[in-house]
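As a plain string of letters, each chain reads:
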Amino acid sequence: MGGQGDGIVRAILGPTNTGKTYLAIERMCAHSSGVIGFPLRLLAREVYDRVVAIKGAASVALLTGEERIVPPKARYVLCTAESMPVPSADRDDQSDPGDGLPRDFAFAAIDEAQLGIDPERGHVFTDRMLRARGREETLILGSESLKPLVRKLMPRAEIVTRPRFSTLRYAGSAKLTRLPPRSAIVAFSAEQVYALAEMLRRFKGGAAVVMGSLSPATRNAQVAMFQRGEVDYLVATDAIGMGLNMDVTHVAFAGLEKFDGKRDRRLTTAEMAQIAGRAGRHQKDGTFGTLGLGGDSGPAFSEGEIEAIEEHRFRALDHLYWRNPELDFTDVRALIASLEEPSGDPLLRAAPVAMDLTVLKAIAEDPAVAARKGKRARALWAACGLPDFRKVGPMHHARMVRRIFSYVGEGGHIPHEWFAAEVTRLDNVAGDIEAIADRLAGIRSWAYIAQRADWMADPAKAAERTRSVEARLSDALHAALTQRFVDRRTAVLVRDIGARGADALPVTVAADGEVSVGPEPIGHLAGFSFTVDPSARLADKRLLLAAAERRLGDELDRRAKALCEAQDAAFALSIEPSGAVGIAWDGHVLARLAPGRSLLEPAVRTARSLDRLTAQRRAALRARLEAWLERAVAAELAPLKALARAASDKAATPGVRAVAAMLADAGGVMPRKALTAAIGALDKADRHSLHRLKIRLGALDVFVPTLLKPAAQHWRAALVAVRTGQPMPLLPPPGAATISGAADPRAAMLAYRRFGATWLRIDLADRIAAHAHAARAAGAAEPIDAALVTSLGLDAEAVRKLMAEIGFVPAGQNWRWRGRRPDRAPVAPPRPGNAFAALAGLKPGAR
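Residues numbered from 1 in each chain as written. Predicted model: local features only at pLDDT ≥ 70, side-chain atom pairs only at ≥ 80, totals over all residues. Heavy atoms only, no water.

Moving on to the overall build of the chain. Within the chain one finds 29 helices and 34 strands. Going through the 847 residues of the chain one by one, you find that 53% of them count as buried. Here the contacts in the chain between residues at least 6 apart in sequence split such that 69% fall between residues at least 24 apart. For the chain, the exposed area adds up to about 36,700 Å²; of that, 53% sits on carbon and sulfur atoms. (Helix = DSSP H or I, 4+ residues; strand = E, 2+ residues; numbered from the N terminus. Buried < 20%, exposed > 50% of the residue type's maximum accessible area, 1.4 Å probe, protein only. Contact = heavy atoms within 4.5 Å. Areas by Shrake-Rupley, 256 points an atom, 1.4 Å probe, with all protein chains shown as cover.)

Structure follows, in structure tokens:
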């Protein structure tokens, strides 16, 4: 493999249903060895099973990111394009996980090579098309739109155009209830797939479900149901367009737009044809069309699109995405530069920044990481190759990659304890379809990690563990899908539907949130939560609820879109009756806060009611809530944010950083005793720095006065409750100077200090303490600010405890200074008056 090689290079181009994949299998098996790279793990697994039947398991290997079956003497390799064993341009590159396979094959093929135009993965297919070569024969399989590029990039390649075996015709729009048997409905989100499958269960008796995120076992079990005729309908994502062969006679598009990772866009004509081409098998003709729901005629093809799909005529590609394969590992910055190096060929455009490069750049913002060289830079790049199976986004994915690199960057291994704990957490088959599917996506990450011999101390054992968990989750997901979307009592359902005409029932949402199907109200939509009307008749509830679920998506999407564009005033911090802290809109809880990276950076967990939204819309709304929370914390707790910044400010002295860090972690208030050592180490300049941060070094407490205001107290209490995992405490009345000893200690300690049966606000206690010390320093007769303590209503016990904390103790009828001061206490001018002496049990004027 690699280089141009001496073998024949053929480009087999044409529409779907031309037998290109079968030709590749046949040609590979005619050679002594061979490798084929596929666009999907599912397809690689399907072809692997076919080749094993021909050549035997001992001769065939399967390589994907999450699965490796490599017999010692394997000669034929079926793999995903990313896992294709192509030698690195850098012979010193040790980042390959080590599969024991040769890099030289008699035959090589790359399937669906037109995916070189894909923004995320295109550079991989372009690289394999240009560099993967068999000694004797190479096949490039793809769309006819590749022909001009093949001629220019590989002028010596032989181009073979294959016609479609059967005809494909447009059949117009059809309602769900009128789709012909053996139909596949294609949707572009998991939520829509589930909704359509649910309607087919109610109206037609059931449907199989196929999505690219399913494990091979789950997908095969679902397809087998369809192929055996247990169900006549299949609901799938566009994953079926990539070579999955099923007995489908009609393909119905539920939509003609998809989210491509950045935006919603209309499918290209070539993408439409790729999907529609699944209809028809070998020489059996097929049809395609759109799906109409209720009174909606559904999406519509243009005349030009219909003609192009039927005649298989598409605009030729004028470029492919490319990434430099010759990487520079001098250091991480050089690596990034080499990855972004242009090709110099206008036909090979620089690939958009994919997830691996995005994560690498994010991690490289740390100067210590950016300076890594050689093997360490290689190890970092290998870690960045971990796919984001759970679609959590670059920021969250980068954290996991960074942790992996912290273990393997120096040639070490991922701790078995961490690996085992995470896999055990995912080994749970309880829950609904979404929960199981989410765990299945999670185990794929650990399956990928387990395949890396350079990351795991015992990769074989780790791989076996992840395979067993994936198998259990796959079986559970298949069972859950079947239970939810297949109803054996088809006749009963069809009879009920026919009697009620559910395909034409309109769904309306009134201004007050009442949801009606036809003339009958079935529930209420409050925010994003739908509740069924308890008075609805049991015989009708399932039908009416299905119709509502079918149409509520548009209303929920509209609301979510409006919220994403709303002003900050639309959101508010909410405290639920349980004490949970969240973010609300118009009284409806949208998300709850959970412990995050720090007190000021809680995590946002969207409420279950938002699970009805598409993944993209839910992610956008979560990002909007996170942005609001960040701005609200910055506005309400600006001094606390300043402390957090000072704690990490390298220009500040260690003493200032230490005090700022402890105060920031504590929410801006701490007893002075807890900071005695840190304060004692401060010099005059440090104290000035703390003063500029508005920190008050009181005699009893260290605090930021502005954080004692009611609004700041509320936010601090909420964030501390989230951080500690406790319910929100009941706060004292706004502006209260004192509160009773029966108050919630968690709330009182945010701004108060207890003296006997009374809690006194710490800034007022500090004023009394400052007066007492100033009076003592000035030789005044009375250390107590009698006017202030009288106005506060402190009793004798509270006064004695307060003065004791300050450093004064009763001595007969006088106060005596006992000299317990760890360092300088703040000094304020003494305030006249000794009327409080009598209340404290002292003679007027006594000291």
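Let us look at the pairing of strand 13 (residues 250-253). Residues H250 and A252 point to one face of strand 13 and V251 and F253 to the other, with burial holding for every one of them. Sheet topology note: the strand 10 (residues 183-186)/strand 13 ladder contains four bridges and is parallel. The residue of strand 13 that forms the bridge with A184 is V251. The sheet contact formed by strand 13 and strand 16 (residues 286-292) spans four bridges and is parallel. Directly across from F253, in strand 16, lies its bridge partner T290. (Pairing = 2+ DSSP bridges.)

Looking now at the pattern of salt bridges. Across all of its chains, the model carries 47 salt bridges by this definition. Among the ionic pairs, R372 bridges to E410, the shortest N-O distance being 3.4 Å. Pair noted here: R372 is in the loop between helix 11 (367-370) and helix 12 (374-384) and E410 is in the loop between helix 13 (394-408) and helix 14 (416-426), with a separation of 38 residues, a long-range link. Judged by its relative accessible area of 21%, R372 falls in the partly exposed class. (Salt bridge = Lys/Arg side-chain N within 4 Å of Asp/Glu carboxyl O.)

This next bit is on the pairing of strand 2 (residues 34-38). Within strand 2, five of the five residues are buried, which leaves it mostly tucked inside the rest of the structure. Every second residue of strand 2 is oriented toward a common face, with G34, I36 and F38 on one face and V35 and G37 on the other, all of them buried. Here strand 2 runs beside strand 5 (residues 76-80); their pairing, made up of five bridges, is parallel. By the bridge assignment for strand 5, G37 is matched with C79. The pairing of strand 2 with strand 6 (residues 107-110) spans four bridges and is parallel. Looking at strand 6, one finds that I36 is bridged to A109.

For helix 8 (residues 303-311), the full list of buried residues reads E305, I306, A308, I309 and E310. Elements that come into contact with the buried residues of helix 8 comprise strand 9 (168-175), strand 15 (264-266), helix 7 (269-276) and strand 16.

Another point: the nonpolar core. In this structure, I185, L360, I404 and W455 are the most contacted members of the largest nonpolar core, which totals 71 residues. Here this core gets nine residues from one element, more than from any other, and that element is helix 16 (residues 459-485). Once residues lying within four places of it in the same chain are set aside, the contact partners of W455 are A382, A383, I404, V408, H413, I414, Y448 and I449. Membership of the second largest hydrophobic core comes to 58 residues, among which are V515, L573, L610 and A712. (Core = buried A, V, L, I, M, F, W, Y, C linked by side-chain atoms within 4.5 Å.)

What follows deals with the packing of helix 10 (residues 355-364) against helix 13. It is at 9 Å that the axes of helix 10 and helix 13 come closest, and there the two elements cross at 70°. With respect to each other, helix 10 and helix 13 are oriented roughly perpendicular. When helix 10 is examined against helix 13, the residues M355, T358, V359, A362 and I363 are found in contact with a partner set consisting of P394, H397, A398, V401 and R402. Class assignment of the residues belonging to the contact of helix 10 with helix 13 gives a composition of seven nonpolar, two polar and one charged. (Axes fitted to C-alpha atoms, helices over the stretch in contact; angles between N-to-C directions. Parallel < 35°, antiparallel > 145°, perpendicular 65-115°, else oblique. Nonpolar A, V, L, I, M, F, W, Y, C, P; charged D, E, K, R; others polar.)

Attention shifts here to the environment of I695. Here I695 shows up in the loop between helix 23 (684-692) and strand 28 (696-697). For I695, the contacting residues outside a window of four places in its chain are L643, L663, L690, V702, F703 and V704.

With that out of the way, let us pick up the sheet that holds strand 28. Pairing is antiparallel in the open sheet, where three strands are placed in the order 27-29-28. Pairing within the sheet leaves two strands with one partner each, and these edge strands are strand 27 (669-671) and strand 28.

Turning to the layout of surface pockets, a few remarks are in order. A volume near 500 Å³ is recorded for the second largest pocket. A666, V669, R746, M749 and L750 are the residues nearest the centre of the second largest pocket, which is lined by 26 residues in total. Going through the elements one at a time, strand 25 (588-598), helix 21 (654-666), strand 27, helix 24 (710-724), helix 25 (745-748) and strand 31 (752-755) are the ones with two or more residues in the lining of the second largest pocket. For the lining of the second largest pocket, a count of residues per class yields 15 nonpolar, three polar and eight charged. (1 Å grid on protein atoms, 1.4 Å probe; cavity = no way out; pocket = protein on both sides within 12 Å on 5 of 7 lines; lining within 4 Å. Points joined across faces, edges and corners; volume = space filled by probe spheres on them.)

Checked against the element boundaries, H31 lands in the loop between helix 1 (20-29) and strand 2. Relative accessible area serves as the criterion here: at 11%, H31 is assigned to the buried category. Discounting chain neighbours no more than four positions away, the residues touching H31 are Y76, A106, F107, E136 and E137.

Take helix 10 next. Counting buried positions along helix 10 gives seven out of ten residues, so the element sits mostly inside the fold. Within helix 10 the residues assigned to the buried category are M355, D356, L357, V359, L360, I363 and A364. Next to the buried residues of helix 10 lie helix 9 (332-339), helix 11, helix 12 and helix 13.

Turning next to the sheet that holds strand 3 (residues 60-63). Strand order in the open sheet formed by eight strands is 4-3-5-2-6-7-1-8, and the pairing between neighbours is mixed. The sheet is open, and its two borders are formed by strand 4 (68-69) and strand 8 (158-161), each paired with just one other strand. Here four bridges tie strand 3 to strand 5, and the two strands are oriented parallel to one another. Looking across to strand 5, one finds that V60 is bridged to Y76.

Tallied over the full model, the rule gives twelve aromatic pairs. For the ring pair F253 and F301, a centre distance of 5.3 Å and an interplane angle of 90° mean the geometry is edge-to-face. Here F301 lies in the loop between strand 16 and helix 8 and F253 lies in strand 13, a separation of 48 residues in the sequence. Both residues of the pair, F253 and F301, belong to the buried class. Look at F419 and W446: their rings are 5.7 Å apart centre to centre, the planes differ by 85°, and that puts the pair in the edge-to-face class. One end of the pair, F419, is in helix 14; the other, W446, is in helix 15 (residues 433-450), and 27 residues separate them in sequence. For the residue pair F419 and W446, the accessibility class agrees, reading buried in each case. Clustering of aromatic rings is evident, with ring pairs tying together Y170, F253, F288 and F301. Looking at R182, its charged tip hangs above the ring of F226, at a distance of 3.8 Å from the centre. Against the face of W455 rests R452, its NZ or CZ located 4.8 Å from the ring centre. (Phe/Tyr/Trp six-rings, centres within 6.5 Å; stacked < 30°, edge-to-face > 60°. Lys NZ or Arg CZ within 6 Å of the ring centre and 35° of its normal.)

It is worth spelling out the side chain of R444 at this point. Locating R444 in the fold gives a position in helix 15. Excluding anything up to four places from it in sequence, R444 contacts R41, E66, G212, S213 and F389.

Although it is not a glycine, E112 adopts a positive phi angle of roughly 55°. One non-glycine residue, D586, lies in positive phi territory at about 50°. By the element assignment, D586 lies in the loop between strand 24 (581-585) and strand 25.

Mapped onto the elements of the fold, I12 is located in strand 1 (residues 8-13). I12 sits in the buried class, given a relative accessible area of 3%. Counting along the chain gives 134 residues from I12 to L146, while the straight-line C-alpha distance between them is 10.0 Å. Not counting residues up to four positions away in its chain, the partners in contact with I12 are K20, L23, L139, I140, L141, G142, V160 and R162.

Per-residue confidence for the chain gives a mean pLDDT of 84, with 86% of residues at or over 70. Across residues 90-98 the pLDDT falls below 50, and counting only partners more than four positions away or on other chains, this stretch makes 20 contacts in the model. Per-residue pLDDT stays below 50 along residues 821-847; that stretch engages in 69 contacts with residues further than four places along the chain or on separate chains. (pLDDT = per-residue confidence, 0-100.)

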